Amino acid sequence: MTFKSPYRIGILEDDDDFRSYLTDIIEDDPDLTVVMSAETLAEAKDYKGGIDLCLVDLQLPDGSGVDYLMHLKEMGSATKSLILTILGDRASVLIGFESGANGYLLKDTAPNSITHDIKAVLKGGNPISPQAATHLLSLLRSSQSENVE
């Protein structure tokens, strides 16, 4: 799939201030534009325009961002997704990737890193915060040790 600049970005985030913050840093990049800004799962599912990538929070007032990732899959959407959440625990990281996320960042990620990581996902990359990577490495190592026995 080939994307054309500016890339169309969606934001699914229930915190008004953080959603505004994300909108500002995305709109400051000439290669990116926000086309959807939703605070609930229902709003995001109702959006009918095209999105190249959606930033997805996991904790929403009407469900989980995982439900949105599953919705994208069910619709056969080519939209890529980048989880951006405060949840850095092993279960959240694993379910995020199992649900189809292309990357996993924590909300304390620096603004320039967020835009860099958005572009990385659009180009086929899979950015992962260090804390999330630790969980994946742990899972991989435990899987390898089971296969050795």
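One structure accompanies this document, and this report is about it. Here, residues in each chain are numbered from 1, in the same order as that chain's written sequence. The predicted nature of this model means local features are confined to residues of pLDDT at least 70 and side-chain atom pairs, given and counted, to a pLDDT of 80 or more, with totals for whole chains, interfaces and linings taken over all residues. Heavy atoms from the whole structure form the basis of all side-chain values; hydrogens and water molecules are not counted.

## Quick look at the overall build of the protein chain
Right, on to step 1. Within the protein chain, the regular secondary structure consists of 6 helices and 7 strands.
Right, on to step 2. Counting from the N terminus, the helices are the DSSP runs of H or I reaching at least four residues and the strands are the DSSP runs of E reaching at least two. Counting from the amino terminus, the protein chain carries its helices and strands in the arrangement β-α-β-α-β-β-β-α-β-α-β-α-α.
Right, on to step 3. Between the two quantities, the radius of gyration covers C-alpha atoms and the globule rule is 2.2 Å times the number of residues to the power 0.38. The C-alpha atoms of the protein chain give 15 Å as radius of gyration, which agrees with the globular expectation for 149 residues (15 Å, within 12%).
Right, on to step 4. The principal-axis extents of the C-alpha atoms in the protein chain amount to approximately 50 × 30 × 30 Å.
Right, on to step 5. The rule is simple: take the accessible area with a 1.4 Å probe, protein chains only, and divide by the maximum for that residue type; under 20% is buried, over 50% is exposed, in between is partly exposed. Residue burial in the protein chain is summarised as follows: out of 149 residues, 44% are buried.
Right, on to step 6. What makes two residues a contact is simply this: any of their non-hydrogen atoms within 4.5 Å. A separation of at least 24 residues holds for 64% of the contacts in the protein chain among residues at least 6 apart in sequence.

## Things to note about the side chain of Asp 117
Right, on to step 1. Along the chain, Asp 117 turns up in helix H5 (residues 111-122).
Right, on to step 2. Charge counting treats Lys and Arg as positive and Asp and Glu as negative, with His and both chain ends excluded. By definition, a salt bridge exists where a carboxyl oxygen of Asp or Glu is found within 4 Å of a side-chain nitrogen of Lys or Arg. Buried charge Asp 117 goes without a salt bridge, the closest partner of opposite sign being Lys 119 at 11 Å.
Right, on to step 3. Excluding its chain neighbours within four sequence positions, the residues that come into contact with Asp 117 are Leu 82, Leu 105 and Pro 127.

## Details of the pairing of strand E7 (residues 103-106)
Right, on to step 1. Side chains of E7 alternate between two faces, with Gly 103 and Leu 105 and Tyr 104 and Leu 106 buried alike.
Right, on to step 2. Note on pairing: two strands pair once DSSP finds at least 2 bridges between them. By the bridge criterion, 4 bridges tie strand E6 (residues 80-85) to E7 in an arrangement that is parallel. Opposite Thr 85, over in E7, you have Leu 106 as the bridge partner.
Right, on to step 3. Orienting the strands away from the viewer, one traces the path from the first strand over the helix to the second; a clockwise path indicates a right-handed crossover. A crossover connection joins E6 to the parallel E7 through helix H4 (residues 90-98); in handedness this β-α-β unit is right-handed.

## Brief notes about a negative patch on the surface
Right, on to step 1. Patches here: salt-bridge-free residues with over 30% relative accessible area, like charges joined within 9 Å, nonpolar side chains (Val, Leu, Ile, Met, Phe, Trp, Tyr) joined within 5 Å. To be clear on the numbers: accessible area is Shrake-Rupley with a 1.4 Å probe, and residue cover counts the displayed protein chains and nothing else. The atom standing in for a charge is NZ when the residue is Lys, CZ when it is Arg, CG when it is Asp and CD when it is Glu. Negative charge collects at one region of the surface, where Glu 39, Glu 43, Asp 46, Asp 62 and Asp 67 lie side by side.
Right, on to step 2. Along the polypeptide, Asp 62 turns up in the loop between strand E4 (59-60) and strand E5 (63-64).
Right, on to step 3. Given the relative accessible area of 36%, Asp 62 is considered partly exposed.

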